[in-house]
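# Observations on the three-dimensional arrangement
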Amino acid sequence: MPDVIAYGGDWNPEQWPEETWEQDVALMREAGVNRVSVGIFSWSMLEPVEGVFDFDWFDRVMDLLAANGIQANLATPTASPPPWFSDTYPEALPVDADGRRLYHGSRQGFCPSSPIYREKALRIAEQVATRYRDHPALALWHVHNEYGCHNARCYCDTSAAAFRAWLRARYASLDELNDAWGTAFWSQRYGDWAQILPPRATLSFPNPGQQLDFRRFSSDALVELYVAERDLLKTITPEVPATTNLMAGAHWDMDCWAFAAELDVVSTDHYLVGARAEPHIDLAFAADYARSLNGGRPWLLMEHSTSAVNWQPRNLAKAPGELRRNSLQHLARGADGIMFFQWRASRAGAEKWHSAMLPHAGTNTKIFREVAALGAELAGLSDVVGSTVKADVAILLDHSSVWAQDHPAQPTTDLDPVEEVKRWHAALWRAGVTCDLAHPEGDLTGYRLVLVPALYLVSEAGAANLEGFVRRGGVTLVGPYSGIVDDHDRVRLGGYPGAWRDLLGVTVEEFFPLDGPIRLDSGATGTVWSELAHATGAKVLDTYVTGEPAWTRNEWGDGAAHYLTTRLDDGALAGVVTAVCAEAGVEPAAGAGPGVEVVRRSHADGRSFLFAINHTEADAVVTTRAGDQLTVPARDARIIPD
Ligand code: GAL
C-alpha cells in the first residue's frame, strides 16, 4: 500500500476527445487526485477487431498520468467483452434460468465457464500486462470489474458441464451426491452424472442441495477466472499487487471470503441505498466487512459516489458534507484509499446520470469543491496509512448459509438473514461498538464476544469453532433459526438447533413463524419468528407472555452462550446486545452516542488516531483518551492523533 492515502476514481478518457485529457489531469492535480483506475471498460477500444490491438491512445493516457505523478490501478478490461466477441462466439453469451440467452449491448455479457471467453480474456490481459509491465504509472492491477455483478449465474450447456465437473470433484460418487441432495425425495435420484443440470426453471421448488451447490459452483467459477488472470499477471509482473473490486455487503452471489483469500489487497465498492433510513450504518457494515476480509489490514475503497447514483428508482443526491463524512467513515474503518466512480461525469451511455468527481456542470460546483477539499484533507492525513482497527466483537457471516436460506420453501420467507446480520451490526454501531465480520470457521481468538444473528447452515467445523470459542471463555449470542442444517442443507435431527443444543442448553421442538408481533414478559416484542423451546440446562432470562423461553443463557466451559428464540424489535435487541457486551467486557468507544460514530485506528508503535463523525443535527462532544473534550459540530467530523 502507498504511504499516502490513495485518492481518485475511475478515469474513462476513451469517452472523451483527447483535448479533454490534459484538462482532466490538471484538474485531478487541483483536486489532490493521486490515483485513478483506468482501462476498465476499454476492451473494444484496445482490441477493436479480434486479434488487432490499438494501444497508442492508451500509451498516451498512461504517459500523461506518469508525467503528472498520478498512479494507475490498471485494469484488465475483461468485464465487458466487445460486440465482436459475442458476434463471433454467440455460444459464450450467458443464459438465464429460463433458457433466455442474454445479448451484448450492456456489459459482462459472457458465460463465466466459457473456455473461449477465458482464452480471449487472458489474451487481452496479457497484452495489457506485457505492454505496461514497466510503466512508471502502474501501481496496482485492477483485475476485471465487480465479478458477477450481472452474470453471476449462467445456466447454459457449457455451465452445466462445468457444474458436473465441479460436482465430481466434490463428491466421491453419485451415491454420495444423491445422499447429500436428498434425491430420494420427489423421485429425483440421479442414475448418471450426465442427468444433472443447473437448477433451471422448474415447475415447483428446486432441490435445495442442487441449488446450494450451484450457488457455490457459480461463485467458484468467478474466483477461478480471477485466479487465472492473476496468475498470468504474476508471471509478467510478480511484484505488482493485484486486486478486484468486490461488492462486499451489497451483492451476495460471490463468496467474498473465497475471493479475498486470492487478493493481494482487498478492495471493494460501496453505494448508499437511498431507501435506508440511516445509510451511514450500512456504509459502516460494508467497511467493517472489507476490513475483515483483508484480515484486519488496511483495504482500498475502489468506488463510491460523490452524490447520486443512477440505478435506484429514486436516486438521492448527497447533502453538502455527506461526501466527506462517507469518505471519512471508510477511512476510520481501515481504508487506505478513497476512490469514486467516476472522475468525469459521462455525457452519454447508461451512466450519464451518475454523479462523478467532475460533474457535467464543471468545477464551479458543490461537488467539485467538496472533492478538492477532501483531496487536500486526505493529503494531510498520510500518517494514518497503515494503521489498523481493533475489534473485540465479531459477527459470523457465511455465504453458503445465506444461499441455503434463500431457497423459497422455508418456515417463513420473512426472516431475511442478510437483514438480520445488518440489524445486529446496527445495534452494535448504535452502542458505539466497532465489530469485525468473521467466517464461521475463521480464527475467533482475540474476540471477547461473537454474535451469530443468522446462521441457518453451519458445517461441523463451524459448529465446533463457536463451541470452542465459548469453552475458552468467550461469550456468544445466537439468533433464531441458526445451526439448523448441515453443510448440504439437511436438517440436524433430534431437536433444533442441532448444531448447538448442548452449547446453548436449549432444545426447540417446533417453529412458530408469526404474522404479527408477539409480546414478551419483559415488555419487548418479537416479530416474524418464534419457537417452542425448552431450557435443558440454560437459565431463562425472558419468556413469551405465554411462558415459553424467549431469551436464554447457558454457562459453557469458561464462557456463556445466549440464545434468542424470536426476532426481537430493535429496542429490545439493543438491550440484549448491550447486556452481552457488558458481560463480555466490551466497552463502547468513549463519546460515541446515537448518531455519533467514534472509531480508533492505531499503529503497532502506539501512535493512534481518533475518528469522530457526527451524523446528527446537533453538536456532539467526544472525550479523548487524554481526557480532553472534543467538540464535533453537527454533520461534521474530526480526526485527531489521540
Ligand atoms: C459499480 C461499477 C461501476 C459503475 C458503478 C455505478 O457497480 O463497478 O462501473 O457502474 O457501479 O454505481
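Residues numbered from 1 in each chain as written. Predicted model: local features only at pLDDT ≥ 70, side-chain atom pairs only at ≥ 80, totals over all residues. Heavy atoms only, no water.

## Description of the overall build of the chain
If you tally the helices and strands in the chain, you get 17 helices and 26 strands. Relative to a compact globule of 642 residues, whose C-alpha radius of gyration would be 26 Å, the chain shows 25 Å and is just as compact. Along the first, second and third principal axes, the C-alpha set of the chain runs to 75 × 70 × 45 Å. With 642 residues in all, the chain has 61% of them scored as buried. In the chain, the proportion of contacts linking residues at least 24 apart, taken out of those at least 6 apart, comes to 71%. (Helix = DSSP H or I, 4+ residues; strand = E, 2+ residues; numbered from the N terminus. Rg over C-alpha atoms; globule rule 2.2 N^0.38 Å. Buried < 20%, exposed > 50% of the residue type's maximum accessible area, 1.4 Å probe, protein only. Contact = heavy atoms within 4.5 Å.)

## What to know about the pairing of strand β1 (residues 6-11)
The element β1 is largely enclosed, with a buried count of six among its six residues. Pairing analysis gives four bridges linking β1 to strand β2 (residues 35-38), with the strands arranged parallel. Directly across from Gly9, in β2, lies its bridge partner Val36. (Pairing = 2+ DSSP bridges.)

## Things to note about the site of the ligand
In the neighbourhood of the ligand, the contacting residues comprise Phe41, Arg107, Asn145, Glu146, Asp269, Tyr271, Glu303, Trp311, Phe341, Glu351 and His354. Between the ligand and Glu146 there is a distance of 2.3 Å, counted from an oxygen atom to a side-chain nitrogen or oxygen. In the model, an oxygen atom of the ligand is placed 2.8 Å from a nitrogen or oxygen of the Trp311 side chain. Protein chains shield 95% of the accessible area of the ligand, which is 310 Å² for the free molecule. Considered class by class, the residues forming the shell around the ligand number four nonpolar, two polar and five charged. (Near = heavy atom within 4 Å. Polar contact = N/O pair within 3.5 Å; in protein donor to acceptor, adjacent residues only side chain to side chain. Areas by Shrake-Rupley, 256 points an atom, 1.4 Å probe, with all protein chains shown as cover. Nonpolar A, V, L, I, M, F, W, Y, C, P; charged D, E, K, R; others polar.)

## Quick look at the pattern of salt bridges
Following the criterion strictly, the structure yields 46 salt bridges and no others. The shortest N-O distance in the salt bridge between Arg567 and Glu420 comes to 2.7 Å. Of this pair, Arg567 sits in strand β21 (residues 567-568) while Glu420 sits in helix α14 (residues 417-430), and the two are 147 residues apart along the sequence. Glu420 carries the same exposure label as Arg567, and that label is buried. The structure contains a network of salt bridges with shared partners spanning Glu47, Glu50, Glu119, Lys120 and Arg123. (Salt bridge = Lys/Arg side-chain N within 4 Å of Asp/Glu carboxyl O.)

## Looking at helix α7 (residues 174-181)
Along α7, the residues classified as buried are Leu174, Leu177, Asn178, Ala180 and Trp181. Seen from one end, α7 has its buried residues packed into an arc of 165°, which puts them on one side. Residues of α7 that are exposed and point over 90 degrees away from its buried face: Asp175 and Asp179. Its buried side turned inward, α7 meets α6 (157-170) and α8 (208-236). (Arc of directions from axis to C-beta.)

## Let's talk about helix α12 (residues 366-379)
Its 14 residues place the ends of α12 20 Å apart at the C-alpha level, agreeing with the 20 Å of an ideal helix rising 1.5 Å per residue. Taken residue by residue, α12 has Ile367, Phe368, Glu370, Val371, Ala372, Leu374, Gly375 and Leu378 as its buried positions. Elements that come into contact with the buried residues of α12 comprise β1, α1 (19-30), α11 (322-332) and β9 (335-340). (Expected span 1.5 Å × (residues − 1).)

## Some thoughts on the packing of aromatic side chains
Applying the stated rule across the entire model yields 35 aromatic pairs. Among the aromatic side chains, those forming a connected cluster through ring pairs are Tyr155, Phe163, Trp166, Trp181, Tyr190, Phe214 and Phe217. In this arrangement the basic side chain of Arg344 is found over the ring face of Trp16, its NZ or CZ atom lying 5.1 Å from the centre. (Phe/Tyr/Trp six-rings, centres within 6.5 Å; stacked < 30°, edge-to-face > 60°. Lys NZ or Arg CZ within 6 Å of the ring centre and 35° of its normal.)

## Comments concerning the environment of Arg314
Among the secondary structure elements, Arg314 is positioned in the loop between β8 (299-303) and α11. Arg314 gets classed as exposed once you look at its relative accessible area, which sits at 68%. When the C-alpha atoms of Arg314 and Ser382 are compared, they prove to be 36 Å apart, with 68 residues separating the residues in sequence.

## A short note on unusual backbone geometry
In this chain, Phe341 is followed by Gln342 through a cis amide linkage whose omega measures -5°. Note that Gln342 resides in the loop between β9 and α12. For the peptide bond that leads from Tyr496 to Pro497, omega is -15°, which places it in the cis range. Within the secondary structure, Pro497 is located in the loop between β13 (475-478) and α16 (501-504). Even without being glycine, His144 reaches a positive phi, approximately 55°. Within the secondary structure, His144 sits in the loop between β4 (138-143) and α6. In this structure His144 comes out as buried when scored by relative accessible area, which is 1%.

Treat this as a map of the structure, not an account of what it does.
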